[in-house]
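Listed below are the residues making up each chain.
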Amino acid sequence: MKIRILPDDIANRIAAGEVVERPASVVKELVENALDAGARKITVDVEEGGRKRIQVTDDGEGMTPEDARACFGRHATSKLYEPDDLFAIKTLGFRGEALPSIASVSHLVLETQAEASAGTVIEIAGGRVVSEREQAFPRGTEITVDDLFFNVPARRKFLRSESYELSQITTYCTHYALAFPEIHFVLRSAGFEILAAPMTTGFRDRIFQIFGKDLLDQLVEYQKDYGRSGVKVHLFTSRPHVQKYNRNSMFFFINRRLVRDKIILHAISEAYRNILPAGTFPVVILFVSIPYEDVDVNVHPAKTEVRFKHQSFVHDAIRDAILSGLTQDKTIVPMESDGVPTSPFTAPAPQPRIPDSWVSDDPIARDSFALEPGMRAVMDQAIPLGLNFRASETKTDGCEEPAEFSAYPEFDRVRQEVQPLGQLRDSFIVAVDSSGLIVIDQHVAHERVLFETYLRQKLAGKLDIQRLLMPIIVQLPPRQLVILDSIIPELARNGFEVEPFGPKTIAIKTAPAMLKASAVEKLLVELLDGLERETQVINIEALKKKIAATVSCHAAIKINTPLEETKMRWLITELMKTDVPTVCPHGRPIILRYDLREIQKAFKRA
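Residues numbered from 1 in each chain as written. Predicted model: local features only at pLDDT ≥ 70, side-chain atom pairs only at ≥ 80, totals over all residues. Heavy atoms only, no water.

1. Section: the overall build of the chain
Applied cut-off: In DSSP terms, a helix is any run of H or I states spanning at least four residues, a strand is any run of E spanning at least two, and both are numbered starting from the N terminus. A simple rule labels every residue: compare its accessible area, found with a 1.4 Å probe on the protein chains alone, to the largest value its type can have, and call it buried under 20%, exposed over 50%, or partly exposed in between. Contacts: residue pairs with any heavy atoms within 4.5 Å of one another. Residue exposure ignores everything except the shown protein chains as possible cover, and the areas themselves are Shrake-Rupley values with a 1.4 Å probe.
Helix and strand counts for the chain stand at 18 helices and 22 strands. Counting only residues that meet the buried cut, the chain has 51% of its 606 residues in that class. For the chain, the proportion of contacts with a sequence separation of at least 24, taken over those separated by at least 6, is 71%. As displayed, the chain has an accessible area near 29700 Å², and 53% of this comes from carbon and sulfur atoms.

2. Details of the sheet that holds strand β21 (residues 505–512)
Using the following cut-off: Note on pairing: DSSP must find at least two bridges between two strands before they are called paired. Working convention: axes come from line fits to C-alpha atoms, limited for helices to the stretch in contact. Angles between N-to-C directions cover 0 to 180 degrees.
Overall, antiparallel pairing links the three strands, which are arranged β19-β21-β20 in an open sheet. Every other strand in the sheet has two partners, leaving β19 (465–475) and β20 (497–500) as the edge strands with one partner each. The sheet shows a mean angle of 15° between the axes of neighbouring strands, direction not considered. Of the pairings in the sheet, the one linking β20 to β21 comprises four bridges and is antiparallel in character. Note on β21: the bridge partner recorded for glutamate 499 is alanine 507.

3. What to know about the packing of aromatic side chains
Formally: The pairing test for Phe, Tyr and Trp rings, Trp by its six-membered ring, is centres within 6.5 Å, and the orientation test on the planes gives stacked under 30 degrees, edge-to-face over 60, and tilted for anything in between. Only when the NZ atom of a Lys or the CZ atom of an Arg is both within 6 Å of the ring centre and within 35 degrees of the ring normal do we say a charge sits over the ring.
Summed over the entire model, instances satisfying the criterion amount to five aromatic pairs. Between tyrosine 176 and phenylalanine 180 the ring centres are 6.4 Å apart and the planes differ by 35°, which places this aromatic pair in the tilted class. One exposure class covers both tyrosine 176 and phenylalanine 180, and it is buried. Measuring from ring centre to ring centre gives 5.7 Å for phenylalanine 211 and phenylalanine 251, while their planes differ by 45°; the resulting arrangement is tilted. Residue phenylalanine 211 is found in helix α7 (residues 203–211), and its partner phenylalanine 251 is found in strand β11 (residues 250–254); the two are separated by 40 residues along the sequence. The two residues phenylalanine 211 and phenylalanine 251 agree in class, both being buried. Every member of this aromatic cluster is reached through a ring pair, and the members are Phe203, Phe253 and Phe287. Here arginine 160 stacks its cationic end above the ring of tyrosine 164, 5.0 Å away from the centre of that ring.

4. Some words on the packing of helix α9 (residues 262–271) against helix α10 (residues 311–328)
For the record, the criterion: Helix crossings fall into two classes, left-handed where the near helix is turned counterclockwise from the far one by less than a right angle and right-handed where it is turned clockwise.
Interaxial distance between α9 and α10 falls to 8 Å at its minimum, and their mutual angle equals 35°. In the crossing of α9 with α10, the sense of the turn from one axis to the other is right-handed. On α10, the residues touching Ile263, Ile264, His266, Ala267, Ile268, Glu270 and Ala271 of α9 are Gln311, His315, Ile318, Arg319, Ile322 and Leu323.

5. Points about the confidence of the model for the chain
Just so we agree on the cut-off: Per residue, pLDDT measures the predictor's confidence, with a range of 0 to 100.
Averaged over all residues, the pLDDT of the chain equals 79, while 77% of them reach at least 70. This model gives residues 334–381 a pLDDT under 50, and the stretch forms 94 contacts once residues within four places in sequence are excluded. Predicted confidence is poor over residues 388–409, with pLDDT under 50, and the contacts of this stretch with residues over four places away or in other chains come to 29 contacts.

6. Structural notes on the pairing of strand β9 (residues 219–225)
Pairing of β9 with strand β10 (residues 232–238) involves seven bridges; the strand directions are antiparallel. By the bridge assignment for β10, glutamate 221 is matched with phenylalanine 236. Between β9 and β10, which follow one another and run antiparallel, lie six residues, and glycine 227 among them has a positive phi close to 60°.

7. Re the packing of helix α6 (residues 162–179) against α7
Cut-off, in case you're wondering: Reported orientations rely on four angle classes, namely roughly parallel under 35 degrees, roughly antiparallel over 145, roughly perpendicular from 65 to 115, and oblique for the rest.
Two numbers describe how α6 lies on α7: the axes approach to 8 Å, and their chain directions differ by 150°. As judged from the angle between their axes, α6 and α7 are roughly antiparallel. Only Phe203, Arg206, Ile207, Ile210 and Phe211 of α7 make contact with α6, whose side of the interface consists of Thr174, Ala177, Leu178 and Ala179.

8. Remarks on the environment of leucine 527
Along the polypeptide, leucine 527 turns up in helix α15 (residues 517–531). Exposure remark for leucine 527: the relative accessible area of 2% places this residue in the buried category. Taking C-alpha positions, leucine 527 is 9.7 Å from alanine 549, a pair spaced 22 residues apart along the chain.

9. Structural notes on the nonpolar core
Heads up, the rule is: For this analysis, a nonpolar core means a set of buried residues of the types Ala, Val, Leu, Ile, Met, Phe, Trp, Tyr and Cys, connected via side-chain atoms within 4.5 Å.
Ranked by internal contacts, the top residues of the largest apolar core, which has 64 residues, are Leu35, Ile42, Val44, Phe72, Val145 and Phe185. It is α6 that provides the largest number of residues to this core, a total of eight residues. Here phenylalanine 185 is in contact with Val31, Leu35, Ile42, Tyr176, Ala177, Phe180, Leu195, Ala196, Ala197 and Arg206, once residues within four sequence places are set aside.

10. With respect to the pattern of salt bridges
Rule in force here: Any carboxyl oxygen of Asp or Glu within 4 Å of a side-chain nitrogen of Lys or Arg constitutes a salt bridge here.
Evaluation of the coordinates by the stated rule reveals 26 salt bridges. Across the salt bridge formed by aspartate 217 and lysine 213, the nearest N and O atoms sit 2.6 Å from each other. Residue aspartate 217 and its partner lysine 213 are both found in helix α8 (residues 213–217); the two are separated by four residues, about one turn of the helix. When its relative accessible area of 40% is taken as the criterion, aspartate 217 is described as partly exposed.

11. So, the sheet that holds strand β12 (residues 257–258)
Note: strands within a sheet are paired through backbone hydrogen bonds, in either parallel or antiparallel orientation. The five strands are arranged β9-β10-β13-β11-β12 in an open sheet whose pairing can be described as mixed. Unpaired on one side and paired on the other, β9 and β12 mark the two borders of the sheet. The sheet strands contacting α9 are β11 and β13 (284–289), and the helix crosses β11 at an angle near 130°. Its contacts with the sheet put α10 on β9, β10 and β13, and the angle it makes with β10 is roughly 50°.

12. Section: the pairing of strand β2 (residues 53–58)
The pairing of strand β1 (residues 41–47) with β2 spans six bridges and is classified as antiparallel. Across the sheet, isoleucine 42 pairs through a bridge with aspartate 58, a residue of β2. Remark: five residues form the turn of the hairpin made by β1 and β2, two consecutive strands paired antiparallel; glutamate 48 in that turn has positive phi of roughly 55°. Bridging between β2 and strand β6 (residues 140–146) involves six bridges; their strand directions are antiparallel. The residue bridging aspartate 58 from the neighbouring strand is threonine 141, located in β6.

13. Some remarks on the side chain of serine 249
Looking at the secondary structure, you find serine 249 in the loop between β10 and β11. Given a relative accessible area of 13%, serine 249 falls into the buried group. What serine 249 contacts, discounting residues up to four positions off in sequence, is Lys244, Pro282, Val283 and Val284.

Below, the structure is given as structure tokens:
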């Protein structure tokens, strides 16, 4: 087989496979070029999540007609001149592959004009120049990319939902808006303004602009200059009571370049070790300045990974900066009040360091709580939920133990015999039956009861909804606004009436009746946090159960809540009626059982 040189169109498509992964990749490359061109305002317009159109407009230095023609050649760049420049890269872009790669898989129009030069318009389709002409244009550049991957159907087929692709674009624009507060960023989708960030004086103002006062108040700002090393760290990191359920609230910039880096992730994990519970993550917005010669950005086609010359030093610098910021912060986080006056002679209950979803509003502890609430009628109806994993339904011939829960007695007997004895630390119900000791987590037990009640109410069309006295106004980051827009119909079917209330805020007007008003905002934010990594395909059935699980978690009884015997009996009785009495909707165990034989054996009586 003879070796031959690939034609330019094939070579460009191969390069496009490395550089242009999805519409967000196009936005990233074009925004980086605009930043390198010295733009003061960058506007991004997209349609259909970038599939149909991406348009990036900047007021940077623009290009002369000669440069406009040259920029579509492979490895054509204005940012490298000498081989040594590769070892101290100061610009975001440098490879010279982005524009030819994008042009090879789309219909692209470039409009540009430099100072004291004629404006130029170049149209390219699938890597081939269709037309070129002079045309007056404001100083700067506008690139329009239509029908991305029109000539690579396999790549187009693997693009995900419109909401997911738009959320990825929103993420990149949000990142670069954070890194460059002195630049005005605008992101629009089909005319709707998702992100509007006018230029500000610094990182703190930009964080306030994008995420709002609530998040900014939860962050500790800290700066550290590591002297002769040239490393400077400027970070905003969350206090220990702020806990997220994914890493989407972590933003890393090296010399204002957006990166994904395992060294940095590990440094953050080390800093928050023994501070945050397992499975939860902080909010971190991290800016590291480092001598250009000490970081290699030429290790990934998309320039999202870097390699540090002194990685141990950088790791320890970031870890120590976070710890120093948290140590120096003396802010005392006020406990949430249920509005009930407390005696000055009563010591407050200790607040455990656990995720927000475990500590929820408590209907059982309210005066209005009834042991036979209105939801019971629906609860008693035979509405199948398809959740049943009861051990008692496992058939045996009398010789073999059941395959599931083999050490657990039949629920019918347990349900009749179980007797509550009391509580352990006002959090766990201790009970007995004729053959063992039972410990029940009261929060997740009530969560399971409410979860199945909620689903049955919804299936029966009898979901209780409350209209809030005053709408709750919530400010959301741009990415979550995109996600929210795609789930509003399902939220409405679950009792939430949510409407836009300004460019970055929403108003919640109704909510399920089982929730206290104070829990509604927290619930919605937690739900969106959980959906951020799942928006590539929003499965409606999964979404229904996720909403039900989140609602029931926030409505369930708190830990550290004393219960009288009547309420413990009610909770155990209702738990035993559920389809899955052993596991909460999030997968945590509800019941632990210690068989009498194990107890006798421990006391040397067996």
